[in-house]
Amino acid sequence: MLDDRDRKLLDLLQADAETPIGTLADAVHLSISACSRRIARLKEEGYVARTVALVDRRRIGLPTTIFVLLRTSQHTADWLDDLRAVVADIPEIVEVHRLTGNVDYIMKIVLPNVEYYDVIYKAIVKRISLHDISAYISMETLKSDTAVPTRHLRGGAG
């Protein structure tokens, strides 16, 4: 069970995992050793899945975001395995979700420019059969965050 200190620590670590332990301890009103033990427990219990560095996409030359909607007439385990293999082999595909409704999957792709999407498109359709594939170019990002809420809007721990 998470308490308020755990949630605050998770919020702080999501904002900057390199925050010094002393700063974290002060923020949650714990000693450095108690804070360190809590963080270790949060990691052991799986609340912290991993610690990563977030790379600035513009600085690395990948400013363009395209969302691709996929529809398939095949819903077999083999086809899904093939899709997983395709997306694993294309590093520009950074997210893939299976959906409800009239679209089966959505992909988030990061690219150097819009024209580069053709390379990705050809790599996908060469390896798997699709009923429909539609691309949508993101014109502006209104919100993009890697942090997840440690409390829900309704106030519960959910």
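Residues numbered from 1 in each chain as written. Predicted model: local features only at pLDDT ≥ 70, side-chain atom pairs only at ≥ 80, totals over all residues. Heavy atoms only, no water.

Enquirer: What am I meant to see in the pairing of strand 3 (residues 105-111) here?
Expert: The buried fraction of strand 3 amounts to five of the seven residues, a majority that puts the element mostly inside the structure. Of the strand pairs in this sheet, strand 2 (residues 93-98) and strand 3 are connected by five bridges, and their pairing is antiparallel. Residue H97 lies in a different strand from strand 3, and its bridge partner there is I106. Two successive antiparallel strands, strand 2 and strand 3, enclose a turn made up of six residues, where G101 displays a positive phi of approximately 95°. (Buried < 20%, exposed > 50% of the residue type's maximum accessible area, 1.4 Å probe, protein only. Helix = DSSP H or I, 4+ residues; strand = E, 2+ residues; numbered from the N terminus. Pairing = 2+ DSSP bridges.)

Enquirer: Could you clarify how one ought to interpret the environment of A53 in this entry?
Expert: Tracing the backbone shows A53 in the loop between helix 3 (32-44) and helix 4 (57-60). Judged by relative accessible area, which is 68%, A53 ranks as exposed. Placed 46 residues apart in sequence, A53 and L99 show a C-alpha to C-alpha distance of 28 Å.

Enquirer: Sorry, what's going on with the side chain of T72 here?
Expert: In this fold, T72 is placed in the loop between strand 1 (64-71) and helix 5 (77-89). If we skip the residues at most four places from it in the chain, T72 touches W79, D104, Y105, S129 and H131. (Contact = heavy atoms within 4.5 Å.)

Enquirer: How should the side chain of R38 be read in this particular structure?
Expert: Here R38 is to be found in helix 3. Judged by its relative accessible area of 17%, R38 falls in the buried class. A polar contact is formed between the side chain of R38 and the side chain of D6, at a distance of 2.8 Å. Discounting residues that sit within four places of it in the chain, R38 has contacts with D3, R5, D6, L9 and L30. (Polar contact = N/O pair within 3.5 Å; in protein donor to acceptor, adjacent residues only side chain to side chain.)

Enquirer: Teacher, can you tell me more about helix 5 here?
Expert: Side chains three or four residues apart in an α-helix point the same way, a direct result of the helix having 3.6 residues per turn. Between its terminal C-alpha atoms helix 5 stretches 18 Å, which fits the 18 Å expected from 13 residues at 1.5 Å a residue. Here helix 5 has its buried residues at W79, L83, V86 and V87. The buried residues of helix 5 all sit within an arc of 90° when viewed along its axis, so they share a single face. Exposed residues on helix 5 whose side chains face more than 90 degrees from its buried face are A77, D78, R84 and A88. Here the buried face of helix 5 lies against strand 1, strand 2, strand 3 and helix 6 (117-127). (Expected span 1.5 Å × (residues − 1). Arc of directions from axis to C-beta.)

Enquirer: Looking at this model, I keep getting lost on the packing of aromatic side chains. Mind explaining?
Expert: We describe a pair of aromatic rings using the distance from one ring centre to the other and the angle between the two ring planes. Under the definition given, this model contains two aromatic pairs. On the numbers, 5.7 Å between centres and 35° between planes, the contact of W79 with Y105 is tilted. One end of the pair, W79, is in helix 5; the other, Y105, is in strand 3, and 26 residues separate them in sequence. Both residues of the pair, W79 and Y105, count as buried. With a centroid separation of 6.1 Å and 55° between ring planes, the pair formed by Y117 and Y121 is classed as tilted. Of this pair, Y117 and Y121 both sit in helix 6, four residues apart, which is roughly one turn of the helix. Using a relative accessible area of 13% as the deciding quantity, one classes Y117 as buried. Classification of Y121 by relative accessible area gives partly exposed; the value is 31%. (Phe/Tyr/Trp six-rings, centres within 6.5 Å; stacked < 30°, edge-to-face > 60°.)

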